[in-house]
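# Tertiary structure, described
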Amino acid sequence: MERLEFIKLMGAGTLLACAGCGLVSCSSEDPAPANIDLSLDLTQPENAALQNVGGSLSRDGVIIARISTTSFTALSRACTHQGTPVNFRPNQGDFFCSNHGSVFNTSGGVVQGPANRPLRQYRAELSGNILRVTT
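Presented here is a report on the structure given in the accompanying data block. (Residues numbered from 1 in each chain as written. Predicted model: local features only at pLDDT ≥ 70, side-chain atom pairs only at ≥ 80, totals over all residues. Heavy atoms only, no water.)

### Considering the overall build of the protein
As a reminder, the rule being used: Each helix corresponds to a stretch of at least 4 residues labelled H or I by DSSP, and each strand to a stretch of at least 2 residues labelled E; elements are numbered beginning at the N terminus. Summary of the burial criterion: residues with accessible area below 20% of their type's maximum are buried, those above 50% are exposed, and those between are partly exposed, where the area comes from a 1.4 Å probe applied to protein chains only. The contact definition used throughout considers only heavy atoms, calling two residues in contact when any of these lie within 4.5 Å. For the accessible areas, the method is Shrake-Rupley and the probe is 1.4 Å, while residue cover comes only from the protein chains on display.
Of regular secondary structure, the protein possesses one helix and 10 strands. Listed by position from the N terminus, the elements making up the protein come as α-β-β-β-β-β-β-β-β-β-β. Relative to its full complement of 135 residues, the protein shows a buried share of 30%. For the protein, long-range pairs separated by at least 24 residues make up 41% of all intrachain contacts whose partners lie at least 6 apart in sequence. Of the roughly 8,000 Å² of accessible surface on the protein, 52% is carried by carbon and sulfur atoms.

Right under this line is the structure:
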């Protein structure tokens, strides 16, 4: 194989590999879990974060936050920009992606990009000490 032919071949392979990476990171697939049915006993130590307003925890690809004494929100944890996990910021009352700075409100709506699609929101209903999160 000639040197020039080898360089062209390697260059084309590298270009295709890089293009494939770009397609994965900008995928239009919804990264949100589809079938969620969680029952969280808030008296259990593993769920203690949800006993206080501003607390949050993650389970099965969902981030759950207590936004008031009687209200919870549950959203897909994967940022819709590139899938990085988002975190709840209780002082700001929003969800933040540390990878590129996307911000989402407590309903999952985009407040600041680069994300341009909302996080999927799930139902969160409290009955006694049991918080049920469902699709």
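The structure having been displayed, the exposition proceeds.
### Structural notes on the sheet that holds strand β5 (residues 86–89)
Selection rule: A pair of strands is treated as paired once DSSP finds two or more bridges between them.
Strand order in the open sheet made by the four strands is β5-β6-β7-β8, with antiparallel pairing throughout. For this open sheet the edge positions go to β5 and β8 (110–112), each flanked by a neighbour on one side alone.

### Side note on the sheet that holds strand β3 (residues 62–66)
Definition in use: Each axis is a line fitted through C-alpha atoms, and for a helix only the stretch in contact is used; angles between axes span 0 to 180 degrees, taken between their N-to-C directions.
Pairing is antiparallel across the open sheet formed by six strands, whose spatial order is β1-β10-β9-β4-β3-β2. Single-partner strands in this sheet number two, and they are β1 (37–41) and β2 (56–59). With direction set aside, neighbouring strand axes in the sheet form an average angle of 20 degrees. Sheet topology note: the β1/strand β10 (residues 130–134) ladder contains five bridges and is antiparallel. Bridge pairing in β10 links Leu 38 to Val 133.

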